[in-house]
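Structural description and commentary
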Amino acid sequence: SRYFQERHAETHFRYGRTLEALGNVQAAERQYTEALQLDATDSRFFTAVADIQIQQKNRLSEALENYQKAASLDGSSADAWYNLGHAQLQSGRHDEAITSLSKASKLRPEDQKLLGKLAEAYKKGNKFADLQEQIAKAMENLKATKKRNPFLKR
């Protein structure tokens, strides 16, 4: 039944995480692939495979494809859009990276790492006017965050 397939997929995924943490990325990728074969609706499985693929330069296109699938399955995940944008940036697809990272930024506007990656995409895409606008927005977000949270230093 579907329930048991999903549970079995989750088991493969967790085992893959353990193997990856132990440094056995090839075995981890096999476990993630097994999870995907059982349940291709969980964006975490695509992301896990892509995270391994992106570390290998000759597999960037595979990583892009899997990050794209993860973002399509979970469009409300800033992490999914960030990962996709980062991979697009690595592959020289600056305009696509800007689009993906902008989506991530809308979902998590206070994330400075994300905003930095978006700024990098604008810079590499020679979109300096847009970069200046993005920096201004980031400064506004930072000020708003500080007003909402009195524990942040001013």
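Residues numbered from 1 in each chain as written. Predicted model: local features only at pLDDT ≥ 70, side-chain atom pairs only at ≥ 80, totals over all residues. Heavy atoms only, no water.

1. Remarks on helix α5 (residues 78-90)
We count it as follows: Put simply, DSSP marks the helices as runs of H or I at least four residues long and the strands as runs of E at least two long, and each gets a number from the N terminus on. By this rule the span expected of a helix is its residue count minus one, scaled by 1.5 Å. Only protein chains enter the area calculation, which uses a 1.4 Å probe; residues under 20% of their type maximum are buried, those over 50% are exposed, and those in between are partly exposed. Any two residues whose heavy atoms approach within 4.5 Å at even a single point are treated as in contact.
Look at α5: 18 Å from first C-alpha to last across 13 residues, which is about the 18 Å you get at 1.5 Å a residue. Most of α5 is tucked away: 10 of the 13 residues are buried. Buried within α5 are the following residues: A78, A80, W81, Y82, N83, L84, G85, A87, Q88 and L89. In the core, the buried residues of α5 are packed alongside α3 (43-53), α4 (60-73), α6 (94-107) and α7 (112-124). Looking one or two residues beyond α5, the residue adopting positive phi is G92, at roughly 85°.

2. Brief notes about the environment of A9
Note on placement: A9 falls in helix α1 (residues 2-21). When the C-alpha atoms of A9 and N126 are compared, they prove to be 43 Å apart, with 117 residues separating the residues in sequence. Leave out the neighbours within four places in its chain, and A9 touches A35, L38, D39 and F45.

3. A closer look at the packing of helix α2 (residues 25-38) against α3
For clarity, the threshold we go by: Note on geometry: axes are C-alpha line fits, over the in-contact stretch for helices, and angles between N-to-C directions span 0 to 180 degrees. Each angle is binned into one of four classes, with values under 35 degrees roughly parallel, values over 145 roughly antiparallel, values of 65 to 115 roughly perpendicular, and all other values oblique. Crossing chirality is assigned from the near helix's rotation relative to the far helix, an anticlockwise turn below a right angle marking it left-handed and a clockwise turn marking it right-handed.
One can describe the packing of α2 onto α3 by two numbers: an axis separation of 9 Å at closest approach and a directional angle of 150°. Considering the angle they form, α2 stands roughly antiparallel to α3. In the packing of α2 onto α3, the handedness of the crossing is left-handed. Along its contact with α2, which presents V25, A28, E29, Y32, T33, A35 and L36, the element α3 presents F45, F46, A48, V49, I52 and Q53.

4. Brief notes about the side chain of N83
Its location among the elements puts N83 in helix α5. By relative accessible area, which is 18% here, N83 ends up buried. Filtering out sequence-adjacent residues up to four positions away, N83 remains in contact with T47, D51 and Y67.

Keep in mind that these numbers describe shape and distance, not what the molecule does.
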